[in-house]
Structures are given as C-alpha cells and as structure tokens.
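Geometric and topological summary
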Amino acid sequence: MKFSDIPGHSNIKTSLRNLVDSSNMPHAIMLCGVSGIGKMCIARAFMQYAHCLSPRNGEPCGECPSCRQHLSFNHPDVHFIYPIVKNKAQKIESSEDRIESWKRMLSEYPWMPQEKWQEIIDSGNSQPLIYVNDADNIVRADAYSSFTSKYKFFVIWLPEKLQPAAANKLLKVIEEPTEGTVFVLVSNNESEVLPTISSRTRRFNMQPVDQSLISQYVTEKYQLDAQTAETVARLSGGRISKADELASHSGEREEFSILFQDIMRAAYAKKPAKLREIGDSASGMGREKLRRFLSYMTQMARENFIYNLRVPDLSSMTREEEAFSQRFSPFIHHGNVEEIVNRIEEASTHIERNGNSKLILFSLFLYIIPLLHRRSNL
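In this report, the structure presented in the accompanying data block is examined. Predicted, not measured: the structure shown is a model, and the values here were computed from it. (Residues numbered from 1 in each chain as written. Predicted model: local features only at pLDDT ≥ 70, side-chain atom pairs only at ≥ 80, totals over all residues. Heavy atoms only, no water.)

**Let's talk about the pairing of strand 4 (residues 181–187)**
In terms of burial, strand 4 is largely enclosed, as 7 of its 7 residues are buried. Alternating positions in strand 4 separate into two faces, Thr-181, Phe-183, Leu-185 and Ser-187 on one and Val-182, Val-184 and Val-186 on the other, with burial throughout. Judged from the 5 bridges that link them, strand 1 (residues 28–32) and strand 4 form a sheet pairing that is parallel. Note on strand 4: the bridge partner recorded for Ala-28 is Phe-183. (Buried < 20%, exposed > 50% of the residue type's maximum accessible area, 1.4 Å probe, protein only. Helix = DSSP H or I, 4+ residues; strand = E, 2+ residues; numbered from the N terminus. Pairing = 2+ DSSP bridges.)

Shown next as structure tokens:
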C-alpha cells in the first residue's frame, strides 16, 4: 500500500512521513475518524514506508522484499489485533485464529467498513471484542526484538472494542514498550477508547474525504461518467468504502429506487395482491442483492424522515429520489420511522439466514401498510 493509493488526507500523510524520515517515531499513535475513510490504508502505507529498503519520493518502493511481505500481509514485524467473536467449538480464542478472514478483509475491503468484518466472521447478534488473550500475546511478543526491521508494529483495529481487562493489561506496554516497538491504533470512535489508553498515544484526527477527490477516484477506478461519479461522491458522505459500494453497483440504485417507490405506492394504496407480486419478483434477485436492496430501503426510510426537516445539506438522495420524496416524505415521521427501519432490518436478518425470501418480503410489505397510515405523534 502506497500513500498515493489513498485519496485525500495529505496533511496526515506528510506528518507520518516526517515521523519516519526524522527517526522521531513515537511509541504509539492513534488514527481516528469515521469508518471507511481510509485509516487502515494510511496505517498500512505508513508501516510499509517505515520498513521499505528503498523508499522513493516519500513512497515505499513496492518492490523490495519488505514491501512484498507487506503486500501479502506476511511481514514478520507487523502484528494485527482486531475484534473477534470467541467460539470454543471452532477453537477461535484470539485474533490469530481468524487470520485468514483478516487477510481477506484487508484484501477485498481495504477501506475497512466495520459491517463487512462482522459479515465475514459471521458474528450474528454477538458483539466482536478484543479479549485479554490478545493482550497477553502482545505483552509476550513485545519482549522479543524485531526480526528484520528497525521497527516492530502492533496494529490494534478498533481499540474501542478492547475488553476492560485487555485494555488494562496493555497500559504499561503501550506507555513503555521495548525499543523499536510502535503501536498503531485505528479507531472509528475514539470517544469510546479507554482514556488511559488514548492518553498514551499521539492522536491524528482524520476527516471524511472531499467529494472532488472521491469523484476522481471512482471515475478512474470504475470508468463512471461525470454525473454518476458526482452523485456517488455526494452520496458517499466522504467515506471511500461507501463510494466503492455505490460505484460497483451504480446501476442498481435506479433499479432499487423504482422498486422502493412501487412498494410504497402499493402499500399506501392498500394493495396486498400487488405487494405479493412485487415481493415474488424481487425474491429472484438472489440473497446478496436482496440484502443490498433492503439496506437501500432502510436508507430511504431515514432519508425521507430527514427530508421533512427541510435542510438540503442533510440530504443524501439523487434528484429522482428527492422528486418522489417531495410528496412521500410526510408519511415517514416520528410515529413510524423507527418501526419501519426495524422491520426492514429484521427482514434482512431473516434473508441472511436463508429464510424464504417470498414470505419474508410479503410479510414486510404487509407490515408497512398500517405503518404508512399511522399518524404522526407530534
């Protein structure tokens, strides 16, 4: 991973390069910001640059043995720690027991959308956490010198998920690691990181990426036309992971928009036969596409609720979606929006578990009928 592979964050890149170039490496840094903006990519580029044998113009060369090890996620002086769900039957007790899943995450979803990790490890209703086992492993590994490099890195993804016992065990080693050890914490919500951990790090606050940079990124990667790229950039909210998702399925949004509008019109008109017909047709999408559509329904329910606030800057809809919402949005309000969203998310969970999609969709659509006719409680 090179710095130039990552849109935006020029100040952060410069600061991290300077840490390496000046040999003034702190013992711990924390990259903070919302999910999907490139924090882990920045961490990877930083570590590869620090380990590179022949850096060029502020970038790792990408060709030396060290760079090749980074590219295959096998560098002996880089240790990743991340949240897991323990499973004694499958002998999953610590991060290293999920290493193949982790490599898949880094490879396929480098912008690190948290929900994808939960999907990959099939966490279900369990909350992934970083357990004391990993803290013990870090303390033991810190006692050894680096193998091939000046620096040995411990990367903790989502330190806010550290169990209290694990966090407390790491306090001393983060504050006083052995020479050459550097901790890199990558947080989606720094306010939930234990203050005694956070205070021991040099903090870098990362912001969502500018729309113009995201537009350029998706244009080059997906060969989108200018209008579609601008729409993707606006809807992404500065999250590169969201831009990737939207751009890779750019033709779906219009399809989903038409389908959503048909469902809501039929539900408001109290036409169960039409809703059954729509559900039967939509069930043919296949599980993954259907889950993306239900995610879109959730987003549209929230967007229509927000639209009632009449604050254009808060809108993340296309012009076509907004045209529909001008008349539809009053039917999504305080009295029903939460239940509508909950019903959709519940349906998505049943779809994920291989439930009968025709029955699940028809049941969902029937629930929506009375909810749309419910009066606002304000």
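**Observations regarding the sheet that holds strand 2 (residues 78–81)**
Strand order in the open sheet made by the 5 strands is 2-3-4-1-5, with parallel pairing throughout. In the strand order of this sheet, the two ends are held by strand 2 and strand 5 (202–205), each with one partner. When the angles between neighbouring strand axes are averaged without regard to direction, this sheet yields 20°. Its contacts with the sheet put helix 1 (residues 10–21) on strand 1 and strand 5, and the angle it makes with strand 5 is roughly 155°. (Axes fitted to C-alpha atoms, helices over the stretch in contact; angles between N-to-C directions. Contact = heavy atoms within 4.5 Å.)

**Examining the packing of aromatic side chains**
By the definition in use, this model includes 19 aromatic pairs. Judged by centre distance (6.0 Å) and plane angle (70°), the ring pair of Phe-3 and Tyr-49 falls under edge-to-face. With Phe-3 in the segment before helix 1 and Tyr-49 in helix 2 (residues 39–51), the pair connects residues that are 46 residues apart, well separated along the chain. Just as Phe-3 is buried, Tyr-49 falls in that class too. Measuring from centroid to centroid gives 5.4 Å for Tyr-82 and Trp-117, while their planes differ by 80°, and the two rings are edge-to-face. Pair noted here: Tyr-82 is in the loop between strand 2 and helix 4 (99–108) and Trp-117 is in helix 5 (residues 114–120), with a separation of 35 residues, a long-range link. Taken together, the ring pairs in this structure connect Phe-256, Phe-260, Tyr-268, Phe-293, Tyr-296, Phe-324, Phe-328 and Phe-331 into an aromatic cluster. Positioned over the ring face of Phe-362 is Arg-276, at 4.1 Å from the centre of the ring. (Phe/Tyr/Trp six-rings, centres within 6.5 Å; stacked < 30°, edge-to-face > 60°. Lys NZ or Arg CZ within 6 Å of the ring centre and 35° of its normal.)

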